[in-house]
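Architecture at a glance
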Amino acid sequence: MNKMKPLKLLDIARKTGVVTIRYPNKPPLITSEFRGRIVIDASKCIGCGACVNICPSNALTIKETYDKRIINYFIGRCIYCGSCADVCPVKAITITKDFELATDNIRDLNNRVVHYKAVCCRCGSERHAPENMIKFVIRRVPVAETYAHMATNCKKRKFVEGMLHGRGMLYVEAK
Amino acid sequence: MVEGCSMLKPSNMLKKSIWVFHLNTGGCNACDIEILDVLTPYFDVERFGIKLVASPRHADLVLLTGPITRKTLPKVIRTLRAVPRPRLILAIGACAVGGGIWHDSYGVIGGIEALKKVLEEQGVVIDKLVYVPGCPARPEAIIYGVAVLLGIAKPKVKETEVEVIVK
C-alpha cells in the first residue's frame, strides 16, 4: 500500500494543477479594498494639518519655519490606515494601490509638500498660515478678508487696542 | 572585498542562490506571516533560488522584521555578527524601516536606522540594506525587495518635494 502513495500524490497534483502565481511576469492580485501608499495632491492641499493630527504612526509630520510649513510623508512608517484621506477637508489625499516601494536609500521614502505662509496685512512681517488655507477659511466662514489675513498676535493687539480706545485709556496721536 | 561580493554587481546577478534567515526583532508577527507566505508554493520563491535556512551562519540575507526592542537588541547584534560577509539585510515592514507605530516608545530602539548606529559602534558592517515598507509588506513587495537588492529591478519610489502654488 505504501508503495502506491507517490502515485496517489501524482494523481492529486494532476487534479490541482499549478497553484504558483507568476508574480514578476503577471500582475498580482489586488482587490478593490487594498490600500497602498498615499499621494498628496499639492494643488489641492491647504496645509491645515488635519492628516498630521490623525496619523497614528507619525508618518505624516509637519514642520513650521518662519515662512514655510512643510508636510512630510515618510512612507517607511505609514501603516496604510487611510485615516488621512478620510479627514482631509479638501480631499487632497488619495490612496493608491502602489506597494512596490522597496528602495536602498531611505531618503527615497520622503515626500514633502511645501507651503509658503501669507504675510500679515497689519504688521507686514508676521506670518501665521498658508495663503491657500486662509482662502479656504474665507470661502467657508463669513469672515472679513483683512481679519483672516491678520497674524494671531496682531489680532490680539488689535483687540486690546480697540478695547482700550473704547474706554478712553489709549491715547492715539492725531495725524 | 570578500569573495561573493561580485554577486552584488548586476552583471553577475543570480549567479548565487540567496539563502535567507528570518529574524523577528519584536514585531507583531504580521510581517512574519507574509514571509512564510512567500515561502509557500503559492509564491514559491525557490524558483528564484531563495531558500530559508535555520542558522545565520548559512545565510546570505537576513529578513529583519520588527522595531528592534531593547530586549532583542543584544540577540540581533549576535545574529548579525554570525552572518558571513557580504552581509545583506532586508528590512521588512513599517517597524523595521521607520520604527513603526511605537517608534518613539521607551521599549524599542526605533527601527533599522537606530540599529545601524549601534552596529557601527559594535564594528558589524552591513554591506547592503534594502528597505521594504508596508504594514505588513505584501509577499510581492518582499519579492520585489529581493529583486532590488540583487539589482534586477530599480527602485520605483523617488524623493519628491512639491511647492504649493497660491491660487
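For the structure itself, look to the data block above.
Residues numbered from 1 in each chain as written. Chains lettered and ligands numbered in written order. Predicted model: local features only at pLDDT ≥ 70, side-chain atom pairs only at ≥ 80, totals over all residues. Heavy atoms only, no water.

1. What to know about the overall build of chain A
Check the secondary structure of chain A and you find six helices and six strands. Counting from the amino terminus, helix and strand elements in chain A follow one another as α-β-α-β-β-α-β-β-β-α-α-α. Against the globule reference of 16 Å for 175 residues, chain A gives a C-alpha radius of gyration of 28 Å, more extended than a compact globule. Its C-alpha atoms give chain A principal-axis dimensions of about 110 × 35 × 25 Å. Counting only residues that meet the buried cut, chain A has 37% of its 175 residues in that class. The centroid of the 30 positive side-chain charges in chain A is displaced by 6 Å from the centroid of its 15 negative side-chain charges. (Helix = DSSP H or I, 4+ residues; strand = E, 2+ residues; numbered from the N terminus. Rg over C-alpha atoms; globule rule 2.2 N^0.38 Å. Buried < 20%, exposed > 50% of the residue type's maximum accessible area, 1.4 Å probe, protein only. Lys, Arg positive; Asp, Glu negative; His and termini not counted. Charge placed at Lys NZ, Arg CZ, Asp CG, Glu CD.)

2. Topic: the sheet that holds strand β4 (residues 88-92) of chain B
All names here are of chain B. A sheet is described by the order of its strands in space; here five strands give the open sequence β2-β1-β3-β4-β5, paired in parallel fashion. The open sheet has two free edges, formed respectively by β2 (51-52) and β5 (128-132), since each of these has just one partner strand. Where β4 and β5 come together, five bridges link them in parallel fashion. Note that in β5 the partner of I92 across the bridge is V132. (Pairing = 2+ DSSP bridges.)

3. Focus on the pairing of strand β5 (residues 110-119) of chain A
Among the 10 residues of β5(A), seven are classified as buried, and the element is accordingly described as predominantly covered. Direction of pairing for strand β3 (residues 68-74) of chain A relative to β5(A): antiparallel, over a ladder of seven bridges. Across the sheet, Y73(A) pairs through a bridge with N111(A), a residue of β5(A). Judged from the four bridges that link them, β5(A) and strand β6 (residues 160-163) of chain B form a sheet pairing that is parallel. Looking at β6(B), one finds that V113(A) is bridged to V162(B). Two elements, β5(A) and strand β6 (residues 127-130) of chain A, share two bridges in a ladder whose sense is antiparallel. Residue pairing for β6(A): K117(A) is matched across the bridge by P130(A).

4. A look at the side chain of K117(A)
Residues and elements named next belong to chain A. Note that K117 resides in strand β5. Residue class for K117 comes out buried when judged on its relative accessible area of 9%. Other than its neighbours up to four places away in sequence, K117 contacts E64, T65, Y66, D67, K68, R69, R127, H128, A129 and P130. (Contact = heavy atoms within 4.5 Å.)

5. Observations regarding a positive patch on the surface
On the surface, R57(B), K71(B), K75(B) and R78(B) cluster together to form a positively charged patch. On the secondary structure map, K75(B) appears in helix α2 (residues 73-82). (Patch = residues over 30% accessible without salt bridge, like charges linked within 9 Å, V, L, I, M, F, W, Y side chains within 5 Å. Areas by Shrake-Rupley, 256 points an atom, 1.4 Å probe, with all protein chains shown as cover. Salt bridge = Lys/Arg side-chain N within 4 Å of Asp/Glu carboxyl O.)

6. Remarks on the interface of chain A and chain B
Every contact between the two is made by 46 residues of chain A and, on the other side, 42 residues of chain B. Taking both partners together, chain A and chain B bury about 3900 Å²; carbon and sulfur atoms supply 58% of that area. Sorting the residues of chain A by area buried against chain B places E100(A), A102(A) and R112(A) first, and these three jointly supply 16% of that buried surface. Counting across the interface, chain A meets chain B through three salt bridges. R112(A) is paired through a salt bridge with E161(B); the nearest N and O atoms lie 2.9 Å apart. At the boundary of chain A and chain B, one finds 17 residue pairs in polar contact (both at pLDDT 80 or more). (Buried area = accessible area lost by both parts, 1.4 Å probe. Polar contact = N/O pair within 3.5 Å; in protein donor to acceptor, adjacent residues only side chain to side chain.)

7. A short note on the pairing of β3(A)
Regular strands have side chains that alternate between both faces of the sheet. All names here are of chain A. In terms of burial, β3 is largely enclosed, as six of its seven residues are buried. Across five bridges, strand β2 (residues 60-64) lies against β3 in antiparallel orientation. Within β3, the residue paired with K63 across the bridge is I70. Taken together, β2 and the strand that follows it, β3, pair antiparallel across an intervening segment of three residues.

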